[in-house]
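Coordinate analysis (summary)
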Amino acid sequence: MQMKKKRPSWDDYFLNLAFVVRSRADCTRRKVGALVVKDFRIISTGYNGTPHGIKNCSEGGCVRCKRRDSKEIDWYEYEESCVCIHAEQNAIIQAAYQGTSTKGATLYSTTNSCSSCAKMLINAGIIRLVCKIEHHDKEGIGLLKKAGVEVESK
């Protein structure tokens, strides 16, 4: 009798794919991957990096990454000087660019959302976040929960 191989749950499957998406990130500080899923279908993906037409972080496109790599600043300093777009933001932007609604969708991310991304997820109609809890900004989780967004840590 053949043993049936156990398939991953849907959450594990999509979270694993978010880690594959993360491999495209070019940020020299932290690599993050995200995907938006609706009705068990991936509607968009995103990873953190510079906007189109801007040099990648590894090529000197982000002043903050450059300063961080040279040890001029600590990893949490001068976040406002970063030109990178977060993975969650890119996933939502890509869905909008393609004309696809994110209302009622789940976002899978390799890390928890920062406060800025949490606000964007709420207003984009994301109803669930499945993530690893790794980001230093834990306020985003609180915002999501206050807005009724289900947050699940894997």
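Here is what the cut-offs are and how they apply
- Residues numbered from 1 in each chain as written.
- Predicted model: local features only at pLDDT ≥ 70, side-chain atom pairs only at ≥ 80, totals over all residues.
- Heavy atoms only, no water.
- Axes fitted to C-alpha atoms, helices over the stretch in contact; angles between N-to-C directions.
- Helix = DSSP H or I, 4+ residues; strand = E, 2+ residues; numbered from the N terminus.
- Parallel < 35°, antiparallel > 145°, perpendicular 65-115°, else oblique.
- Left-handed = near helix turned anticlockwise from the far one by under 90°.
- Contact = heavy atoms within 4.5 Å.
- Pairing = 2+ DSSP bridges.

A few words now on the packing of helix α3 (residues 87-97) against helix α4 (residues 115-123). Across the interface, α3 lies against α4 with an axial gap of 9 Å and an inter-helix angle of 25°. Classified by the angle their axes make, α3 and α4 are roughly parallel. The hand of the α3/α4 crossing is left-handed. Contact residues: α3 offers E88, Q89 and I92, while α4 offers C117, M120 and L121.

As summarised here, the arrangement of the 5 strands in space is β2-β1-β3-β4-β5, forming an open sheet in which the pairing is mixed. In the strand order of this sheet, the two ends are held by β2 (41-47) and β5 (150-153), each with one partner. On average, adjacent strands in this sheet sit at an angle of 20° to one another, irrespective of strand direction. With 4 bridges connecting them, strand β3 (residues 106-109) and strand β4 (residues 128-131) associate as parallel partners. Within the sheet, the bridge partner assigned to L107 lies in β4 and is L129. Strands β1 (33-38), β2, β3, β4 and β5 of the sheet are contacted by helix α1 (residues 10-22), whose axis makes an angle of about 140° with β1. Here α3 sits on the sheet in contact with β1, β2 and β3, set at roughly 130° to β2.

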